[in-house]
Amino acid sequence: MASRSPSYLPAAATLAATATAAAAVAAVAAPPRLSFLRAPRGKPRRRALARRCAARAPTSSRAVVASSSSSGSDAMAVVPARRGGVREYLEMARRRDGGPPRWFSPLDCGDAGGRVTGAPTLLYLPGIDGVGLGLIQHHERLAKMFELWCLHIPVEDRTSFEGLVEYVERTVRSESSRAPDKPLYLVGESLGACIALAVAARNPDIDLVLILVNPGTSFHKSFLQSLSAFLELVPEPFHLTTPQLLNFLTENFLRMPSSFVGHGLSLEEAGQTLSKLTSSALPSLTFLIETKVSILWKLKMLKTASSFVNSRLHAVNAQTLVLASGNDELLPSHEEGERLRGTLKKCRTRHFRDKGHKILLEAEFDLATTIKGAGYYRRSRQTDFVLDYLPPTPEELQKAIDRYRILNFLTNPVMLSTLPDGKIVRGLAGLPKEGPTLIVGYHMLLASEVGPIVTGVLSSAGIHIRTLAHPFIFDKNMEQLMPDSAYFDLYRVMGAVPVTGGNFYKLLSQKQFVLLFPGGAREMLHRKGEEYKLFWPEKSEFVRMASRFGAKIIPLGVVGEDDICDLLLDYDDLLKLPFYDIIDKMLNEGGLQLRTDSTGELKNQALHPIVAAPKVPGRFYFIFGQPIETGGREKELRDKEKAQHLYLQVKSEVENCIKYLKEKREEDPYRSILPRLLYQAVHGPNAEVPTFEP
């Protein structure tokens, strides 16, 4: 990509229009490089050409596009205008265009907050539609994380699958040569996923990240294979009445009403809007399959692509994420996702049980969040959980809040903090306004305090706490043991990082708020009768690191686990059960072990399930203790004895915080859920329920 200037498009709804404008100046197929169409200074003839070409397209479709000409001298600029709609996008895409395929950039994010520094390039490879329809709901967010380009394959283009692979491959090699230290993302949907896999198999030494959306590699197991033979017997235009094709056109429009709700429309108004959109857009949508020759060509290409790729999966060395819909009417995507996970060397899957084939068009699916949550966003050759991290968007924070909504409803957490003068107040006024700050505390059973603390502090005080978490939640094999492989994704979205010295150092160096639980898994999965007991190591491991950056250390006390459940079976009980040793090996053999240099109980960091009986919910209580300053004490705390003294002081403060909460909760008239429900019935569901006087 020779030119890296920003490009701007008013909306995804006009993506195909940009490709049409590019076709007006394209004489031959695009070379393996991307460039913006821009008018060079001092060349009025070319500026006039730009004006003439811009005038040929509707006002809503003017945008900067990528050249498919081999000459950069014919580049031009097209001024962006108003936003268009889905119907306009489809109308532009259906214009007669025999090709060739070309790249274009759907958006410049300059007016939307800017692209992150060092953003990698993402090439979007469309599905069987070929026109990039899947980007409509995602391009704005993706363009902040990536340099975003979309492949446009005109409906009447007849480039073979091998030709498309070679075309994309030239671009991949060019980009890899331009930025060898950055990964190159290929996001492919159905047919596009096959192109991505083929390119990866042919280029195992290039650092590629593949995001495969309902990949077409399962074509030979789908009904589409028999549909191809059936359509050859059906005369035109009766092929349009084939139920499967009609379903392909309509399934995602029927899933879209909820995407309008929350944007100023009620459910009823959203339904009316959807009805108008569907009635206006469906006639345009049929251009994707309006001729039997066109659909037969695409089905044959998908068959060729599936066979081509399946014979080369062993050569794919790229980091791969498969997004598989559980309700895909066209392909057996759920089963295919599992097959690819077992076949490819570096593959993870994310299953979406209720989503259909065109998942990218469905409401409540966010491709950017999915990439972040799976831990697949990076800007260099190795994933850096600190430097590559992108803060949660308001929508992502709301998802996290919704995840803990039931827990927060049942436990109604009370948050207290301590002012510098030692006064305890309700709320977070005692927290420092800026980092670096290290919060050190007790880990409740199953880490039930982490979600309410991180979301509560961020939503209430605007302070983003980064949690140092057990490597278990980042492990590919361990996530398969969970009910949902995406179970821990929200932790990553909210900023959790593996607990390592390197990550700890980077977070403090960036003046972050860091949450650390020295007791680790042993404390989080404690035995019967061990609630509120600290299992901290003997060494003062975090004190000298905090003093190096002058970080404030805040003791954290949490209480409430004994008010929501009774532990029935702990690790000692499980070991006595027949065949449990098999599960124990699955969880702990070959995994990353922490505290290997410790002795006794601290060395036993085994992961295991627990069996607990729920109780009538009580209440959670969190207190942030008085900040302990380390600024200016780096030389002093290099002394092991002085560092150990401060370490024991912090531990003692955490124990005192826990003791304080256990005593004060006895004074809380709203400790049980029943009086809280009565209070909210009188004062409103969002009323803050009183508690004890600090």
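Nothing here was measured: the structure is a model prediction, and the numbers come from that model. (Residues numbered from 1 in each chain as written. Predicted model: local features only at pLDDT ≥ 70, side-chain atom pairs only at ≥ 80, totals over all residues. Heavy atoms only, no water.)

Participant: What is the right way to read the overall build of the protein chain from this model?
Facilitator: Along its length, the protein chain carries 25 helices and 17 strands. Classification of the 694 residues of the protein chain by burial places 56% in the buried group. Contacts spanning at least 24 positions in sequence make up 83% of the contacts within the protein chain whose residues lie at least 6 apart. On the protein chain, roughly 29,400 Å² of surface is accessible, and the fraction owed to carbon and sulfur atoms is 55%. (Helix = DSSP H or I, 4+ residues; strand = E, 2+ residues; numbered from the N terminus. Buried < 20%, exposed > 50% of the residue type's maximum accessible area, 1.4 Å probe, protein only. Contact = heavy atoms within 4.5 Å. Areas by Shrake-Rupley, 256 points an atom, 1.4 Å probe, with all protein chains shown as cover.)

Participant: I keep staring at the packing of helix α5 (residues 161-178) against helix α6 (residues 191-202) and nothing clicks. Help me out?
Facilitator: How two helices sit against one another is set out by the angle between their axes and by the gap between those axes. Packing of α5 against α6 leaves a shortest axis separation of 9 Å and a crossing angle of 60 degrees. Viewed along their axes, α5 and α6 adopt a mutual orientation that is oblique. The element α5 and its partner α6 pack so that their crossing is right-handed. The segment α5 lies against α6, with F161, L164, V165, E166, V168, E169, V172 and R173 engaging L191, C194, I195, A198, V199 and R202. Grouping the constituent residues of the contact of α5 with α6 by class yields 10 nonpolar, no polar and 4 charged. (Axes fitted to C-alpha atoms, helices over the stretch in contact; angles between N-to-C directions. Parallel < 35°, antiparallel > 145°, perpendicular 65-115°, else oblique. Left-handed = near helix turned anticlockwise from the far one by under 90°. Nonpolar A, V, L, I, M, F, W, Y, C, P; charged D, E, K, R; others polar.)

Participant: Looking at this structure, how should I read helix α24 (residues 640-664)?
Facilitator: Think of an α-helix as turning once every 3.6 residues; residues three or four places apart then point the same way. Helix length check: α24 (25 residues) gives 36 Å between terminal C-alpha atoms against 36 Å at 1.5 Å per residue, within 8%. Contacts made by the buried residues of α24 are with β8 (414-418), β9 (424-426), β10 (437-441), α21 (543-548), β14 (552-559) and β17 (621-624). By the N-cap criterion, in which a side-chain oxygen at the helix start approaches the backbone nitrogen of a residue two or three places on, α24 is capped by D639, the distance to E641 being 3.0 Å. (Expected span 1.5 Å × (residues − 1). Polar contact = N/O pair within 3.5 Å; in protein donor to acceptor, adjacent residues only side chain to side chain.)

Participant: How do you make sense of the side chain of H608 when you look at a structure like this?
Facilitator: With respect to the secondary-structure elements, H608 resides in the loop between α23 (580-588) and β16 (611-614). Side-chain polar atoms of H608 contact the backbone oxygen of L525, separated by 3.4 Å. When near neighbours in sequence (up to four residues on either side) are disregarded, H608 contacts L525, R527, Y571, L574, Y580 and L587.

Participant: What exactly am I supposed to notice about the pairing of strand β11 (residues 465-469) here?
Facilitator: Note on strand geometry: in a regular strand, side chains alternate between the two faces of the sheet. In terms of burial, β11 is a largely internal element, 5 of the 5 residues being buried. The two faces of β11 match: I465, T467 and A469 on one face and R466 and L468 on the other face are all buried. Two strands pair when backbone bridges link them, and β11 and strand β12 (residues 497-498) are joined in this way by 2 bridges, in the parallel orientation. Considered in β12, the bridge of L468 is made with V497. (Pairing = 2+ DSSP bridges.)

Participant: How do you make sense of the pattern of salt bridges when you look at a structure like this?
Facilitator: Pairing is possible between side chains of opposite charge, provided their charged atoms come close. Enumeration over the complete set of coordinates arrives at 31 salt bridges. Between R173 and E169 there is a salt bridge whose closest N-O contact spans 3.1 Å. With R173 and E169 both in helix α5 and 4 residues apart, this pair spans about one turn of that helix. Residue class for R173 comes out partly exposed when judged on its relative accessible area of 44%. (Salt bridge = Lys/Arg side-chain N within 4 Å of Asp/Glu carboxyl O.)

Participant: I would appreciate a short explanation of the sheet that holds β10 in the present structure.
Facilitator: Pairing between sheet strands relies on hydrogen bonds along the backbone, with the strands arranged either parallel or antiparallel. Ordered by their spatial adjacency, 8 strands build an open sheet running β9-β8-β17-β14-β10-β13-β11-β12, and the pairing between neighbours is mixed. Every other strand in the sheet has two partners, leaving β9 and β12 as the edge strands with one partner each. Strand direction decides the pairing type here: β10 and strand β13 (residues 513-516), joined by 4 bridges, are parallel. Bridging from a neighbouring strand, I439 pairs with L515 of β13. Of the strands in this sheet, β10, β11, β12 and β13 are in contact with helix α19 (residues 501-509), which crosses β11 at around 170 degrees. Across the sheet, α24 touches β8, β9, β10, β14 and β17, and the angle it forms with β14 is around 35 degrees.

Participant: Honestly, the sheet that holds strand β7 (residues 347-352) in this entry has me stumped. Any pointers?
Facilitator: Pairing in this open sheet of 7 strands is mixed, and the strands run β1-β3-β2-β4-β5-β6-β7 from one edge to the other. Taken across any chain shown, the strands that pair with only one partner, and hence form the sheet edges, are β1 (102-104) and β7. Adjacent strand axes in the sheet meet at a mean angle of 20 degrees, parallel and antiparallel pairs treated alike. In terms of strand pairing, strand β5 (residues 208-213) meets strand β6 (residues 319-325) through 5 bridges, oriented parallel. Within β6, the residue paired with V213 across the bridge is L323. Most of the contacts of α5 go to strand β2 (residues 121-125), to which it runs at about 175 degrees, and overall it touches β1, β2, β3 (147-152), β4 (184-189) and β5.

Participant: Even after reading the chapter, I still don't get the packing of aromatic side chains, so can you show me in this structure?
Facilitator: What the rule picks out here adds up to 18 aromatic pairs. Here the aromatic rings of W103 and Y167 are separated by 5.9 Å at their centres, their planes lie at 15 degrees, and the arrangement is stacked. One end of the pair, W103, is in strand β1; the other, Y167, is in helix α5, with 64 residues separating them in the sequence. Across the pair, exposure class does not vary: W103 and Y167 are buried alike. An aromatic cluster is built from F472, Y487, F488 and Y491, whose rings are joined through pairwise contacts. Over the aromatic face of Y487 sits the side chain of R403, whose NZ or CZ is 4.8 Å from the ring centroid. The ring of F535 has R522 sitting right over it, with the charged end atom 4.2 Å from the ring centre. (Phe/Tyr/Trp six-rings, centres within 6.5 Å; stacked < 30°, edge-to-face > 60°. Lys NZ or Arg CZ within 6 Å of the ring centre and 35° of its normal.)

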